[in-house]
Amino acid sequence: MALVRLLVLSVFHVSLVWCNRNLSSQQASSPPVVQPPLGAGNLSFPWSRLRLPRYIIPLHYRLFLHPNLTSLSFTGSVQIQIDVQNNTNWVVLHSKGLQISKATILNQNFTHLSDQVLPVLHNPSHEQIGIFSPWVLSSGQKYFLYIEFGAELAEGFYGFYKSTYRTTTGETRTLASTHFEPTSARMAFPCFDEPIFKANFSVRIRRSPEHISLSNMPVVKTVELSDGLLEDWFAASVKMSTYLVAFVISDFRSVTATTSSGVQVSVYAAPEKMPQTHYALEVAVKMLDFYEEFFNIRYPLPKQDLIAIPDFQSGAMENWGLTTYRETSLLFDPLTSSVSDKLWVTMVIGHELAHQWFGNLVTMAWWNDIWLNEGFARYMEYISVEATYPDLTVEEYLLHTCFVAVGLDSLNSSRPISSDAENPTQIKEMFDTVSYDKGACVLHMLRHFLTDDVFQRGIVRYLRKFSYKNAHNQDLWDSMANTCSEEDFISGKHCYSSSQNTKNAYLFAGEHLDLTAMMNTWTLQKGVPLVTVTRKGSRLLLRQDRFLRTVLPSDPVWPSLQKGFLWHIPLTYKTDASSTIHRHLMTTHTDSIPIEEEVNWVKVNTDMTGYYVVHYEDGGWDEMTTLLRENHTALSYKDRTHLIHNAFQLVTSGHLAINKALELIDYLRLETHTVPLLQGLGYLEAYYRMIEKRNELELTHNLGMYILQFFRAVIDQQTWSDSGSVSERRLRSEVLSLACHLEDPPCLQRAHQSFKDWLESNGTLNLPTDVAVTVYSVGAQDDHGWASLLHTYKNSLSAAQKHKFLFALTCSRDTSKLEKLLELGLEGKVIRSQDLSGLILMVARNPLGHHLAWNFVKKNWDTLVKKLQLGSFCMRHIITGTTGQFSSSEELTDVQSFFESIKEQASQLRATQVALDNVQKNVRWSQRNLEPLRIWLNEQKK
């Protein structure tokens, strides 16, 4: 899934003694046979745990569904073939919000075990049902569980839910779609809704002739019924987890192409948006071809459908053979979509198609290891796009992904990559920056440490060994460490003997590397290491600590927060003496490396392939500043960007004075590469945006004038067009947007004129996509411009363009207009509910809207939770985004008070602690740095 924190649950009284046994293992001992009279009144729910018992295994689901898009409800039935592994009278499985009308159990000959409908007990707090059989289900036997059910199509974005879209003639059309990950298949049909329970699925969907239906597999036949309805029968699926099942009923149309291996690829969208589907089709075909070659494993299904759903909370979802997308993640309009929009669509498709192997073919055993799905898919975005669309220069974005991960991971409220998660809220919270971004960056580090070839072979070995199965962290490390030949591997030979060590491609310092021990330090403990470097003659002295941005080394709690943290860090470094990249594995708190005494500089963490922050003590930062001023091209653009990032992170953590970081980026006047330029500009902009919300008028003005003066040449070089490389176009968008926000007269004048021309053209003029947001944002400052943008927003068919309009509307300095937008978002008609969280964050970004947005969240908290679900990434982003630039003690107290008022919900969310940590970080940054920044800016005027 593309992105993207204890629940106390009551349980029913358990009367069957055997159900209280610990069943965490795969097998449980046989329960005694019980045959009470039929009737739910005589029975107690037989299971007390959140996870299902392991003694019944589903093998094959035969699922029938009949959605009614007029009544917005559905009925259905499911026949599940089950394998019973211990004698029992009970079948316990998942169901949420379904009305169960009938339940029976049949033997292998399809004979009913009972003449009566079987009792069904419900445990809503665990989202489980228990079906009682008066006859013992015998160990080693297979049975068929048959259930009939019905429900309303869900409101919101999970389960089997309704979505709508408006045509250009104003007609509202309805469709029904699914989103099951992580725990919502149980909202569409009774099932064993845990990833370990893989099964085959045969789906039938009844529909009206004006609609089509889609599922994971192709339709094998369509039956016409006597009432004029049609019934689509889909081919049986491969073995897969329930969260990957999908179906859509709509009036959409498609474009189709075929991969070189014969896979049929189709992109579906609302009929009027078909012109926007062609780029996605091209990308999907290229990506599937690339992945089949990279993984050396054929895509196992005959087709791959990609469909743009009008109401969709996340970016996309990797359902096997039927990937679903938010419209902005799939549709590309050359006239209104920017180069950033194009890159986003390409990366999201790359992400979801990577999941067809990572996640679908091989699935984590439980949600604690969701990073095996999401971290890999996030990393494969970069590998796949770099290979298939090199002109998009996607490698320039990987650094930013790792910087985002470090930002969260350096708060004490972070979590290990592999973390416990049991209930649905905790599981939803696993889909976060740690699983996606840190997971990707740790894999990037591992790839560079092992070499590309060894890393790729390990991936293929992992995917082949665990195809159609479930895997754990350890399975990945074993696959990476196993360097025997493919023949040895297939024959099942053991490849860890000492004689095999000579084949190991990553012998390190003459010793066999314990990959598991190394990687456990990255996945089983939270946080990011800080490597402090000191040069002493011919040696480089190293020390590792846990990097924290909320606590200073002088704070009393510092030692306790450092205790027990130790990483196996694959260090790399370069010097001016040669172009060699030196390598060293640091496994202790302190270490030293011999270097040539005559070297002038040492840069540690070459190209930031390692996931750690570097601090240069004893004048080391002055050396780096001098190097950048005198010969910045001696370092790669990645190394220059990494130095800027580390310096400003160390300012926040109290390890470096702010003037040192500002002196370091002074060399940017000479910089020509986009990435370091944007990194330095980004920190200055972040400071400006936080300070402008503090009512520090003089400091805000001085910092704004300094930024404009410092980047004057870069600003003046920009053209108001879509010309140039992807990097140049990205720089143009960022630089001109900030210049106009800082009220740079030439920028405002050009934007005003462009907006006027656009308005007068009555929709016939398309603005250059790179500067459209800037132009709209300036135009939104007067009443007529704002009203015109809102009107155009309502009627636009381009999701990418609508996003630009919405952003511009939130830039208004009229708070009544901002309040109106928030109300429209809550209502969910003009502004869809899927865009509500983004809208709130856009308003919060506005200096006149940041308290407005926070107060809106406090006032409408219960409604937001109901609409978006407590553990969803949308709710987490709302919590952290609205508070993200609070920097005063009063704001911190306000946030603490609100979280106290929703204590029961806040206690279930790690995001509330992340938000508090972040505000505390901002408060301390302001206390330490506002005055030095004020002094430094005054000195620059002299």
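Residues numbered from 1 in each chain as written. Predicted model: local features only at pLDDT ≥ 70, side-chain atom pairs only at ≥ 80, totals over all residues. Heavy atoms only, no water.

As recorded in an unreviewed UniProt entry, the protein chain goes by the name Aminopeptidase, listed as coming from Scophthalmus maximus. What UniProt records for the protein chain under Subunit (unreviewed entry) is the sentence "Monomer. May also exist as a heterodimer; with ERAP2. Interacts with RBMX." Quoted verbatim from the Sequence similarities (unreviewed entry) field of the UniProt record, the comment on the protein chain reads "Belongs to the peptidase M1 family." (UniProt positions renumbered as here; feature names shortened; annotations may be inferred.)

Visitor: It is not clear to me how the overall build of the protein chain should be interpreted in this structure. Could you clarify?
Guide: For the protein chain, the helix and strand inventory stands at 31 helices and 28 strands. Over its C-alpha atoms the protein chain spans a radius of gyration of 29 Å, differing by no more than 12% from the 30 Å that the globule rule assigns to 942 residues. Based on the C-alpha atoms only, the size of the protein chain along its principal axes is roughly 95 × 75 × 55 Å. With 942 residues in all, the protein chain has 61% of them scored as buried. Working note: accessible area of the protein chain is about 35,000 Å², and carbon and sulfur atoms make up 50% of it. In the protein chain, which carries 85 positive and 96 negative side-chain charges, the distance between the mean positions of the two groups comes to 3 Å. (Helix = DSSP H or I, 4+ residues; strand = E, 2+ residues; numbered from the N terminus. Rg over C-alpha atoms; globule rule 2.2 N^0.38 Å. Buried < 20%, exposed > 50% of the residue type's maximum accessible area, 1.4 Å probe, protein only. Areas by Shrake-Rupley, 256 points an atom, 1.4 Å probe, with all protein chains shown as cover. Lys, Arg positive; Asp, Glu negative; His and termini not counted. Charge placed at Lys NZ, Arg CZ, Asp CG, Glu CD.)

Visitor: Would you take a moment to explain helix α8 (residues 452-465) for this structure?
Guide: For an α-helix the count is 3.6 residues per turn, leaving residues at separations of three or four pointing the same way. Taking 1.5 Å per residue, 14 residues should reach 20 Å; α8 reaches 20 Å between its end C-alpha atoms and fits that length. Buried residues of α8: Val 454, Phe 455, Gly 458, Ile 459, Val 460, Arg 461, Tyr 462 and Leu 463, and no others. (Expected span 1.5 Å × (residues − 1).)

Visitor: Would you explain the sheet that holds strand β28 (residues 613-616) in this entry?
Guide: Strands belonging to one sheet form pairs held by backbone hydrogen bonds; the direction of such a pair is parallel or antiparallel. Pairing is mixed in the open sheet, where four strands are placed in the order β26-β23-β22-β28. Each end of this open sheet is capped by a strand with a single partner; those strands are β26 (590-594) and β28. Sheet twist, expressed as the mean angle between neighbouring strand axes with direction ignored, is 25°. Taken together, the eight bridges between strand β22 (residues 529-536) and strand β23 (residues 539-546) define a ladder with antiparallel strand orientation. By the bridge assignment for β23, Thr 532 is matched with Arg 543. (Pairing = 2+ DSSP bridges. Axes fitted to C-alpha atoms, helices over the stretch in contact; angles between N-to-C directions.)

Visitor: What's the story with the pattern of salt bridges in this structure? I'm lost.
Guide: Pairing between side chains of opposite charge can happen when the charged atoms of each approach one another. Taken as a whole and judged by the stated rule, the model has 46 salt bridges. The closest approach of N and O atoms between Glu 422 and Arg 51, which form a salt bridge, is 2.8 Å. You can see Glu 422 sitting in the loop between α5 (395-409) and α6 (424-429) and its partner Arg 51 sitting in the segment before β1 (56-68), a full 371 residues away along the chain. Exposure remark for Glu 422: the relative accessible area of 31% places this residue in the partly exposed category. As a salt-bridge pair, Arg 689 and Glu 685 come within 2.9 Å of each other at their nearest N and O atoms. Placement of both Arg 689 and Glu 685 in helix α16 (residues 674-691) is noted, with a separation of four residues, approximately one turn of the helix. (Salt bridge = Lys/Arg side-chain N within 4 Å of Asp/Glu carboxyl O.)

Visitor: Sorry if this is basic, but what is going on with the state of the cysteines here?
Guide: Between two cysteines, a covalent bond joining their sulfur atoms is known as a disulfide. Scanning all chains against the criterion turns up two disulfides. Each sulfur of the disulfide joining Cys 402 and Cys 441 lies 2.1 Å from the other. In this structure the cystine formed by Cys 402 and Cys 441 twists about its S-S bond by roughly -110°; its chirality is therefore left-handed. Linking Cys 402 in helix α5 with Cys 441 in helix α7 (residues 433-450), this pair joins segments that are 39 residues apart in sequence. Like Cys 402, the residue Cys 441 is buried in the burial classification. The disulfide that involves Cys 740 links it to Cys 747, with 2.1 Å between the sulfurs. (Disulfide = S-S within 2.5 Å.)

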